[in-house]
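# Observations on chain architecture
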Amino acid sequence: MEAWRGFKKGIWCENIAVSDFIRLNYTPYEGDESFLAPPTQRTEELFAKVQELFRLEQEKGGVLDIDTDRVSSILTYAPGYIEKGKDIILGLQTEKPLVRAVNPFAGFRNAEQACTAYGYKISEKIRDDFLYRTTHNTGVFRAYTKDMRKARHAGILTGLPDAYGRGRLIGDYRRLALYGMDFLLAQKAKDADELGRQDMSEENIRLLEDIAKQVEFMKQLVTMAEQYGCDIRRPAENAYEAVQWLYFAYLGGQKEQNGAANSIGRITTFLDIYMERDIAEGTLTESQAQELMDDLVIKLRLIRHLRTPEYNDLFAGDPVWVTCSEGGMCEDGRTLVTKNCFRMLHTLYNLGPSAEPNITILWSENLPAAFKKYCAKVSVDTDSIQYENDDRMRPDYGDDYAIACCVSAMKEGKQMQFFGARCNLPKVLLMALNGGKDEIHGTQIAPEGKVFPDGEVLNYEEVIETLKTYMAWMAKLYVNTMNIIHFMHDKYAYERLIMGFHDTVVERLMAFGVSGLSVLTDSLSAIKYARVTPVHGENGLITDFITEGEFPKYGNDDDRVDEIAQWITEYFYSELCKTPTYRGAKHTLSVLTITSNVVYGKKTGTTPDGRKAGEPFAPGANPMHGRDMDGALASLNSVAKLDYACCQDGISNTFSITPDTLGADADDRSEKLVAVLDGYFSQGAHHLNVNVLDREKLIAAMEDPTLYPNLTIRVSGYAVNFNKLTKDKQLEVIARTFHDKM
């Protein structure tokens, strides 16, 4: 085939095996960034138009426009362009950039509320179309039990995807470029034939229907591409087509689903194979290769979904988590870093810092030194990228995995995830101390127990035994809640196209999460090492605590308290695993909050660690603000002790350090950041967001947004434009620890 000219043959030629294609054909790169090209004039002119649209979008309160007359799908819209004739990579979600689409399949009322919040009214036609249609949200609330509703309302289970697309899926969009759609459709037909020869078990019937849905939308994608003058039935024949085909596959998924985190995957090394071939053939220059990546990233920065204010409160800054995974090592010992990994990072200079795509570096001690230093330089200059431990994940996932959303690893095209926000751990403690009642409203949430007496010092062993009982109850309720959500999502809002870029028989993960880990850890430490006395309010429940004496605080490399944090995650995970999951999904757990640590705090009463009612939690696995007092390395060491084996959905750590603490000049800062990352990940730590900035800069940006209009920061597993955060979220970020000593 002309498309595969010059490629080394392997099992990938007969069966879908993108990883085999990559291993046989990629060119590792161990040099530095000196080859990189600046933006072309065309890129600068096109992106100037995009930046003006971003400005107008922000002026209008965050939403530029909404098409309220049509329901979004692959073929709903005619071809869209930023400026026809100047776009290199073609395709927009709607017909104009930044116009948001209505996608009510997850929940009609939520789509309607989102429109209303921005001054729009959903059309009567859409209302009529959905009058007798069951949405995912409707199905979920039909099946929810009283306990599930109460836990959700109280904020013990928060951010559940029971009203929006679930996301956390990474279609293997590379397949379209490598094989073309005809090949992929033929494979789906073969899978259907094989299932048809088996007994019609419930799972096989589901799979047959899944395939039929996938095929329908895969064919629609062919039609969509034809409208742009592209024939994706055949494989891509050059670098331009490889980028375009891959983007069409991703774009189709975004038109169909408003998922919380439909990441794009591990694409740069794959695309580099085509670029290297074209450069060798003399049909592509370095400037053109960079221009392709710049244009792709411009399109990814335009991805938008319509969200309700309540969603934005949980996940602030309008993120879509177009997560791109870079670097890592091949299982044969070679680095997977290529020139195109540098090109992706270089877009943060050619186009300026940005929260999207959410660039994630898969860090290994064996990465090329020049790449490590360039990554550190990008972090210091832009605060736009994050790091995850390839040496820790590769043994579990192989060398062809990618990161979804913030920190969640999955084998590309071979695993998918059912995700479901997180459990509020400090509220579980307060519920345990209050006999199963919500500490704020007094509602009986969990089975009734004793309320710990007013004025009587808490006994650590008794508290732990009671907490274990309620954590076990909570874990069972959590799993069963998730089972309902994802049963209904498969039934009423199945991701037809995205799942078409997965194996038909796919391994499923079910991702649970916890928030407030450091609050619970320090609270238990206070009960164990100090004197904590409950104070009852008028309703007979505990509304405050008197804490006397010192106690060790998480974040200072003190095993006395760090071991409590380890126990919490290990115990809760073990309890989750006792309840079977929908479709046999594997239980996983994350310590991750996004920006919802602020909302969780608002829903939670005073805790024994000294945190007052309504105050934010720390993000993710971070120590509480200002309590990690023994320096940057001690803080990192505490988080590194959490066991990834029971937290395979990810352990998010957001790390902020002042520039002067990191080094005297740019080179010094880059070298020291490399050393910090090497040291942190060598302990088996999983994830690190890196911010190199001063608190004063954030305060100035909050007071006058025009000073730093493109200021990007890492928050908790993702990056965000600081000016897009609401005031309470900005204040919480400013209150975090900014390390001024190592």
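Below you will find a few notes about this structure. (Residues numbered from 1 in each chain as written. Predicted model: local features only at pLDDT ≥ 70, side-chain atom pairs only at ≥ 80, totals over all residues. Heavy atoms only, no water.)

### Points about the overall build of the chain
Helix and strand content of the chain: 27 helices and 19 strands. Taking 27 Å as the expected radius of gyration for a compact globule of 742 residues, we find that the chain reaches 25 Å, a close match to that expectation. Dimensions of the chain along its principal axes, counting C-alpha atoms only, are 80 × 65 × 50 Å. Of all 742 residues assigned to the chain, the portion counted as buried reaches 65%. (Helix = DSSP H or I, 4+ residues; strand = E, 2+ residues; numbered from the N terminus. Rg over C-alpha atoms; globule rule 2.2 N^0.38 Å. Buried < 20%, exposed > 50% of the residue type's maximum accessible area, 1.4 Å probe, protein only.)

### Here's the deal with the sheet that holds strand β6 (residues 386–389)
Strands belonging to one sheet form pairs held by backbone hydrogen bonds; the direction of such a pair is parallel or antiparallel. Taken in spatial order, the 5 strands make up an open sheet running β4-β5-β6-β17-β16, and their pairing is mixed. What marks the edges here is a single partner per strand, and that holds for β4 (324–327) and β16 (654–657). If you compare each strand with its neighbour and ignore which way they point, the axes differ by 30° on average. Pairing of β6 with strand β17 (residues 687–692) involves 3 bridges; the strand directions are antiparallel. Considered in β17, the bridge of Glu388 is made with His687. Relative to the sheet, helix α15 (residues 369–382) contacts β4, β5 (359–363), β6 and β17, its axis offset from that of β5 by approximately 145°. (Pairing = 2+ DSSP bridges. Axes fitted to C-alpha atoms, helices over the stretch in contact; angles between N-to-C directions. Contact = heavy atoms within 4.5 Å.)

### Concerning the packing of helix α11 (residues 268–281) against helix α14 (residues 339–350)
One can describe the packing of α11 onto α14 by two numbers: an axis separation of 8 Å at closest approach and a directional angle of 110°. Considering the angle they form, α11 stands roughly perpendicular to α14. The hand of the α11/α14 crossing is right-handed. Along its contact with α11, which presents Thr268, Thr269, Leu271, Asp272, Met275, Glu276 and Ile279, the element α14 presents Lys339, Asn340, Cys341, Arg343 and Met344. Taken together, the residues of the contact of α11 with α14 break down into 5 nonpolar, 3 polar and 4 charged. (Parallel < 35°, antiparallel > 145°, perpendicular 65-115°, else oblique. Left-handed = near helix turned anticlockwise from the far one by under 90°. Nonpolar A, V, L, I, M, F, W, Y, C, P; charged D, E, K, R; others polar.)

### A closer look at the packing of helix α10 (residues 239–256) against helix α12 (residues 286–301)
One can describe the packing of α10 onto α12 by two numbers: an axis separation of 11 Å at closest approach and a directional angle of 10°. The angle between α10 and α12 places the two elements in the roughly parallel class. Within the contact between the two elements, α10 uses Ala239, Tyr240, Val243, Tyr247 and Tyr250 and α12 uses Leu292, Leu296, Lys299 and Leu300. Here the residues of the contact of α10 with α12 are counted per class, giving 8 nonpolar, no polar and 1 charged.

### Brief notes about helix α20 (residues 517–529)
The periodicity of an α-helix, 3.6 residues per turn, causes residues three or four places apart in sequence to face the same way. The first and last C-alpha atoms of α20 sit 18 Å apart over 13 residues, in line with the 18 Å expected at 1.5 Å per residue. Where α20 is concerned, the buried positions are Leu517, Ser518, Val519, Leu520, Thr521, Asp522, Ser523, Leu524, Ser525, Ala526 and Ile527. (Expected span 1.5 Å × (residues − 1).)

### Structural notes on the nonpolar core
Met181, Phe270, Leu524 and Phe572 are the most contacted members of the largest nonpolar core, which has 194 residues in total. The greatest single-element share of this core, amounting to 16 residues, is contributed by helix α18 (residues 460–492). Every residue in contact with Phe572, bar those within four places of it in the chain, is listed here: Cys423, Met471, Met474, Ala475, Tyr478, Val514 and Leu589. By size, the runner-up hydrophobic cluster in this structure holds 35 residues, among which are Cys406, Phe617, Met624 and Leu693. (Core = buried A, V, L, I, M, F, W, Y, C linked by side-chain atoms within 4.5 Å.)

### Brief notes about empty space enclosed by the protein
Gaps left between atoms show up when a probe the size of a water molecule is rolled over them. All told, the structure shown has 6 cavities of 30 Å³ or more when counted by the stated rule. Lining the largest cavity we find 14 residues, and of these Asn622, Asp628, Thr654, Thr737 and His739 sit closest to its centre. Every element with two or more residues in the lining of the largest cavity is listed here: α23 (632–640) and β16. Sort the elements by how many residues they give to the lining of the largest cavity and β16 lands first, with 3 residues. (1 Å grid on protein atoms, 1.4 Å probe; cavity = no way out; pocket = protein on both sides within 12 Å on 5 of 7 lines; lining within 4 Å. Points joined across faces, edges and corners; volume = space filled by probe spheres on them.)

### Concerning helix α16 (residues 390–397)
Looking only at α16, the buried set comprises Asp390, Met393, Arg394 and Tyr397. Buried residues of α16, viewed axially, fall in a sector of 110°; they line one side. Buried residues along α16 sit in contact with β5, β6, β7 (401–404), β8 (408–411) and β9 (415–419). Backbone geometry just after α16 places Gly398 at a positive phi near 80°. (Arc of directions from axis to C-beta.)

### Things to note about unusual backbone geometry
Omega for the peptide link from Glu356 to Pro357 comes to -10°, which places this bond in the cis form. Mapping Pro357 onto the fold places it in the loop between α14 and β5. For Ala421, which is not glycine, the phi torsion reads 50° and is therefore positive. Counting through the fold element by element, Ala421 comes out in the loop between β9 and β10 (422–424). Under the relative-accessibility criterion, Ala421 is labelled buried at 3%. Even without glycine at this site, Arg583 takes up a positive phi of about 55°. Mapped onto the secondary structure, Arg583 falls in the loop between α21 (559–576) and β14 (586–591).

### Thoughts on the state of the cysteines
In this structure the tally under the stated criterion is 0 disulfides. The closest cysteine sulfur to the non-disulfide-bonded Cys646 is located on Cys647, 3.8 Å from its own sulfur. Accessibility expressed as a relative area gives 7% for Cys646, which makes it buried. (Disulfide = S-S within 2.5 Å.)

### Quick look at the environment of Met629
Note that Met629 resides in the loop between α22 (597–602) and α23. Every residue in contact with Met629, bar those within four places of it in the chain, is listed here: Asn556 and Lys741.

### Observations concerning the packing of aromatic side chains
As enumerated under the stated definition, the model contains 35 aromatic pairs in all. Here Tyr164 and Tyr311 contribute two aromatic rings whose centre-to-centre distance is 4.9 Å and whose plane-to-plane angle is 90°, an arrangement assigned as edge-to-face. Of this pair, Tyr164 sits in the loop between β3 (157–158) and α7 (174–179) while Tyr311 sits in helix α13 (residues 309–314), and the two are 147 residues apart along the sequence. Looking at Tyr311, the relative accessible area reads 6%, which means it is buried. Between Tyr478 and Phe512 the ring centres are 4.9 Å apart and the planes differ by 85°, which places this aromatic pair in the edge-to-face class. Note that Tyr478 is positioned in helix α18 and Phe512 in strand β11 (residues 507–515), a separation of 34 residues in sequence. On the basis of relative accessibility, which here comes to 0%, the residue Tyr478 falls in the buried class. Joined through ring pairs, the aromatic side chains of Trp4, Phe7, Trp12, Phe21, Tyr179, Phe183, Phe270 and Tyr274 make up one cluster. The residue whose ring lies beneath Lys450 is Phe452, and the NZ or CZ to ring-centre distance is 4.7 Å. (Phe/Tyr/Trp six-rings, centres within 6.5 Å; stacked < 30°, edge-to-face > 60°. Lys NZ or Arg CZ within 6 Å of the ring centre and 35° of its normal.)

### Remarks on the environment of Ile734
Within the element layout of this structure, Ile734 appears in helix α27 (residues 727–735). By relative accessible area, which is 9% here, Ile734 ends up buried. Between the C-alpha atoms of Ile734 and Leu296, which are 438 residues apart in sequence, the distance is 33 Å.

### Observations regarding the pairing of β9
Of all 5 residues in β9, 5 are buried; the element is thus mostly enclosed. Both β9 and β11 contribute to a ladder of 5 bridges, which runs parallel. Residue Phe418 lies in a different strand from β11, and its bridge partner there is Met510.

### With respect to the pattern of salt bridges
Under the counting rule described, the total for this entry stands at 69 salt bridges. In this structure, Lys641 engages Asp557 in a salt bridge whose closest nitrogen and oxygen atoms are separated by 2.8 Å. Placement of the pair is Lys641 in the loop between α23 and β15 (650–651) and Asp557 in the loop between β13 (542–548) and α21, with a sequence separation of 84 residues. Residue Asp557 is classed as partly exposed on the basis of its relative accessible area of 36%. (Salt bridge = Lys/Arg side-chain N within 4 Å of Asp/Glu carboxyl O.)

By themselves, these are just geometric observations and shouldn't be taken as functional.
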